[in-house]
Structures are given as C-alpha cells and as structure tokens.
Amino acid sequence: MTVSQLKNELLQAIHGSTPNQPALRGADFALTYAELDAAIKLQAAIWDESITRASSPLPPTMALAVENHPAWVVLDLAAMQCGIPLVPLPFFFSPAQWLHAMQNAGASVLVTDQPQLFEPLLAGHIAGCSQFSIAGKQLTQFELKGFNQAALPAGTAKITYTSGTTGNPKGVCLSNDNMLGVAKSIAKATGLSSNDIHLSVLPLATLLENVAGIYAALLSGACCVLLPSHAIGLSGASGLDIKKLLATLEATQANTAIFTPELLHALVLLLESGAKVPRQLRFLAVGGASVSPALLSRARQLNIPVFEGYGLSECASVVALNVPHGNKIGTVGRLLPHVKVDFTQESEIIIYGNAYLGYAGDQHAVRHTVHTGDIGHLDEDGYLVISGRKKNIFITSFGRNVSPEWVERELKISPYIAQAALFGEAKPWNVAVIVPRQHATAEQIEAAVQHLNNKLPDYARVARWVSADAPFSLNNQQLTSNGRNRREVIWQHYQDKINALYEGKAA
C-alpha cells in the first residue's frame, strides 16, 4: 500500500461510516460522520485553491494552535487531504518555543483561535490576516513571512515538537503512513467500535492524543468528545481539578480515554476517598512517562480499567500496550503488530518498522530504526519492561547503576510528594530534591521516604533529601513540556545544598 493510499484510509473510513453516526462532539457543536466528511472536503477545497493560486512547487507548512474542539480535527484532516505539512502547537509551550517551532519548520501559515497570544510574538512576520469559522469556532489565519522554508523529508505530513531535557524542541517529521499505522494497531488492540465514545483529555496537539486517541477512534467509527481543557478540569501544563475530570468522564459516558501518570494518581486518590469508577469506562490508557507498579496495583484494586503503554514521537507514538486479554503490571505490554524490537549490548531498546522520516531542517538520511535511549528487556512472556533512560543512569561510588526515574516514580505516588529528582553520581549514597504536596510536613515526607526505602535495594535508597524552593516547571526550566525532569537545570539550582549534605559526610 502506498503512502497516498494509506493517507486516504482514514478519510475513506470517515466517508464510509454511517452518515448519521456522531463523529465529533464539542461543548457547543457536534458533527456526524457525514457532516465531518463534508467539512473536511470544503476546507480542503479552499486550501487547494489557495495553493494553486500561489503557484508554489510545494504546499505551505501550516502551524495550528487551537484548543480541543471539533474544528481542530477538521483542520487537521483537511491538511491531510491537501498534503499540507501540519505543525501542532501546544498551549503549554512557551512563546519562545512556539516561535522556534514555526521558524524551524518554515511555517508560512498559522491558524489559531487565540490570535491575541500570537500577534505580539509574530510582530514583523505577519503578511496578512483573515478570519473564518469551522464547526462554530471562530478562527484567525495569519499569513507569515520571514520564516525560510525548511528542508522537510519527502512525505512529511506532520511535524511534532517535543521538548527534550536540553535545548530547543526538535521537530519530528512523520508521514501519514507512520501515524495511521499506529492508529490501526491501537484500534485493533483495544477493540474500538462504533459503539465507543472517546474523551480527549490530553491536548490534541500532543501526538499521543492525536494519533492513538482521535485517529484510532475515527478509523473505528467511534465518537470523539472534544472539550476545552478548562471544561474538563485541566489548566496549563499541570493544573488539575480531578473531581471535574471524573464528572466529565461520567457525564460524557466515555468508554475510553488517555491519561498521564499524574492524572491516574489523582484519580486513584479520589476513588480511594469514596468516589466511584464511571461504569461505562472500559479502557483507560496511561502513558507519557513511567508508571509506578504500586500505583497500577492500587488502580486495579479499585477496578479502574487501566492499561500502561509505551511510545515515542520518533515512532509516531505508541509501540507497546497492555490490553484486557494481556495486562501485566510492571511492563508496558507487548509490542503492537506494526513494529519489532531489538536491544543493544547495553540493553538500549531499538524499534524497527515505524521510524520517523527525520527532523525538520536536518537533511541527514535517517535509518529505518529508532534508538530509543531507553533501557529495557522482554520478559519471559514477551512483555516489554522499561528500566529507565540510558543517559540518566548514574553510577554510585560503589559501582552500582541507579535509574533515577524508578525511585522518583515511587516517591511521587506518596500523598505528600508532588515531584522528585534523585542524584548520586560517584557518591556513596543518594540525595533527592523533593517538591512537597500542599500542606505536607517535613515529618510526613521523611516517613514517606523511609517507607519507600524499606522496599528499595540499599544502593537505590534515598539517604537524604532537600526541599525544593519551588515546583519544577516550564517557567523555571526545570521541567520539559511533557513533564520530565531537566536534571542538569535542577542540579545546577540545588548543587550547593546537595554538596553541603555530602560534605557533612554522614548519611
């Protein structure tokens, strides 16, 4: 099957679905499959005409900054229809990251529902401006100038930016083949059907929600509920009203959703206090970061149908997933059928079969494999186990390898610890920087640390800890946009306090 044929597979599925079946539901607007099909074709025709008038050998690269809403999906799929490379911009990015993404991808158009955020940022780069409406959503389209057209690999359909632990975010270039291969595997593995309702909890600008959430659901004839973040209890990169989110799951009658580990932790705490699991919820995927097996066990005791998975942008999101007929806590599930796995001598995970096309602006040839940077292995039943990040592993002065994510993950499931960063390179014992949860006392945190230490091998234990001055965040550059610690930045900020503990010698 060619890329062109696969590109149309999702659009054909939409066209061939039951016309009156609900496809997209927003807070104030809904589209049936017939109406979605018509809206995609109408917007695609408008953009096709514009491309023809421009007489450019290449279609424009378009940035998209729109809250979760049916309009986002229409714009995304219309761009797919036209062959326009799309750059989704998450609202949790900083203005500097938005600007970097548009410059790096060579965007010539920006479509947004919040022009007031971008007009000052794009001063001197706006060549024109127009307003239009899709699915009841008022939108602004900025024609951009001054961003040189980037070198994109042939077949690029989407450029997803995910900030790493250092530097500016990289633009991962993906084909429709990449993305729909994942969506098809997800749809089959989770048993999605036209009877399902999927609630989009994560921003649509995140690849995981876009591909494993929306594309998989639409391929299956399911209904997607798309509400703005504030309406479901989310604000910014880390604000959360879990009671509101639980009420939304109940009110929308959602059968499926995708959570991050922090959202799952908050849900478990709420349910442990007496709230009820929504009866209709059958598949709650959790990913984006490592999940504590202890947290998953607590979720299982509460009858939450939660399934951990694993993926990365360079593989168009999910590569492994636990499912109802094969759910093993402590693993991220078996490999999905569109990929294969291998390991280096150092146990680094290598993924074959769905490699990205390249990075925006990088003309170097890309191999057909992805070195993930994650350490792991397959267990005796073929489930993938993730141990940690290769570059984050530190070696104590006793020669023991420690994966800090493992310890941090367990610390954060305490009701008294919000965030943690572990250090101990070339030292005889480890020190954690801990961000307390609201109203937590030093005594409660110490008790939580000791409770965890009783379960850890001696080389991984937290011998001492320091209280953070402020939460790790995007604003202080101590957190990436996908919630991972920027270890070097955290170390630089707290190294004097940590070294003072070591200089005191006794642990």
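Now for a description of the structure that goes with this document. (Residues numbered from 1 in each chain as written. Predicted model: local features only at pLDDT ≥ 70, side-chain atom pairs only at ≥ 80, totals over all residues. Heavy atoms only, no water.)

### Let's talk about the overall build of the protein chain
Next up, step 1: A tally of helices and strands in the protein chain yields 13 helices and 28 strands.
Next up, step 2: Relative to the 2.2 N^0.38 estimate, which gives 23 Å for 507 residues, the radius of gyration of the protein chain is 23 Å and therefore close to what a compact globule would have.
Next up, step 3: Oriented by its inertia axes, the alpha-carbon framework of the protein chain measures out at about 75 × 50 × 45 Å.
Next up, step 4: Relative to its full complement of 507 residues, the protein chain shows a buried share of 55%.
Next up, step 5: Look at the contacts in the protein chain between residues 6 or more apart in sequence, and 65% of them connect residues 24 or more apart.
Next up, step 6: For the protein chain, the accessible area works out to roughly 21700 Å², and carbon and sulfur atoms hold 51% of it.
Next up, step 7: Taking the average place of the 37 positive charges on the side chains of the protein chain and the average place of its 39 negative ones, the gap between the two points comes to 3 Å. (Helix = DSSP H or I, 4+ residues; strand = E, 2+ residues; numbered from the N terminus. Rg over C-alpha atoms; globule rule 2.2 N^0.38 Å. Buried < 20%, exposed > 50% of the residue type's maximum accessible area, 1.4 Å probe, protein only. Contact = heavy atoms within 4.5 Å. Areas by Shrake-Rupley, 256 points an atom, 1.4 Å probe, with all protein chains shown as cover. Lys, Arg positive; Asp, Glu negative; His and termini not counted. Charge placed at Lys NZ, Arg CZ, Asp CG, Glu CD.)

### Considering the sheet that holds strand E10 (residues 197–199)
Next up, step 1: If you trace the 9 strands from one edge of the open sheet to the other, you get E2-E1-E11-E10-E14-E15-E16-E17-E18, paired in mixed fashion. Of all the strands in the sheet, the pair left with one neighbour each is strand E2 (30–32) and strand E18 (334–335).
Next up, step 2: Packing of helix H6 (residues 176–190) onto the sheet brings it into contact with strand E15 (283–286) and strand E17 (317–321), and relative to E17 it is tilted by some 35°. (Pairing = 2+ DSSP bridges. Axes fitted to C-alpha atoms, helices over the stretch in contact; angles between N-to-C directions.)

### Quick look at helix H12 (residues 442–453)
Next up, step 1: End to end, H12 covers 16 Å across 12 residues, agreeing with the expected 16 Å (1.5 Å per residue, within 8%).
Next up, step 2: Ile445, Ala448, Val449, Leu452 and Asn453 are the residues of H12 that are buried. End-on, the buried residues of H12 take up no more than an arc of 140°, which puts them together on one face.
Next up, step 3: On its buried face, H12 sits against helix H11 (404–411), strand E26 (417–423), strand E27 (430–436) and strand E28 (462–467). (Expected span 1.5 Å × (residues − 1). Arc of directions from axis to C-beta.)

### As for the nonpolar core
Next up, step 1: Within the largest apolar cluster, 112 residues are counted, with the highest numbers of intra-cluster contacts made by Leu77, Tyr215, Leu218 and Leu264.
Next up, step 2: Looking at this core, the element that brings in the most residues is helix H3 (residues 70–82), giving 10 residues.
Next up, step 3: By size, the runner-up hydrophobic cluster in this structure holds 21 residues, among which are Phe92, Phe93, Trp98 and Met102. (Core = buried A, V, L, I, M, F, W, Y, C linked by side-chain atoms within 4.5 Å.)

### What about the sheet that holds E27?
Next up, step 1: The sheet built from 3 strands is open, its strands ordered E26-E27-E28 with mixed pairing. The two strands at the open ends of the sheet, each matched to only one other strand, are E26 and E28. Across this sheet, the average inter-strand angle for adjacent strands is 30°, counted without regard to direction.
Next up, step 2: Two elements, E27 and E28, share 5 bridges in a ladder whose sense is parallel. Across the sheet, the residue bridging to asparagine 430 is valine 462, located in E28.
Next up, step 3: Against the sheet, H12 engages E26, E27 and E28, with an angle of about 150° to E28.
Next up, step 4: Helix-sheet contacts for helix H13 (residues 487–503) involve E26, E27 and E28, and the interaxial angle to E26 is about 75°.

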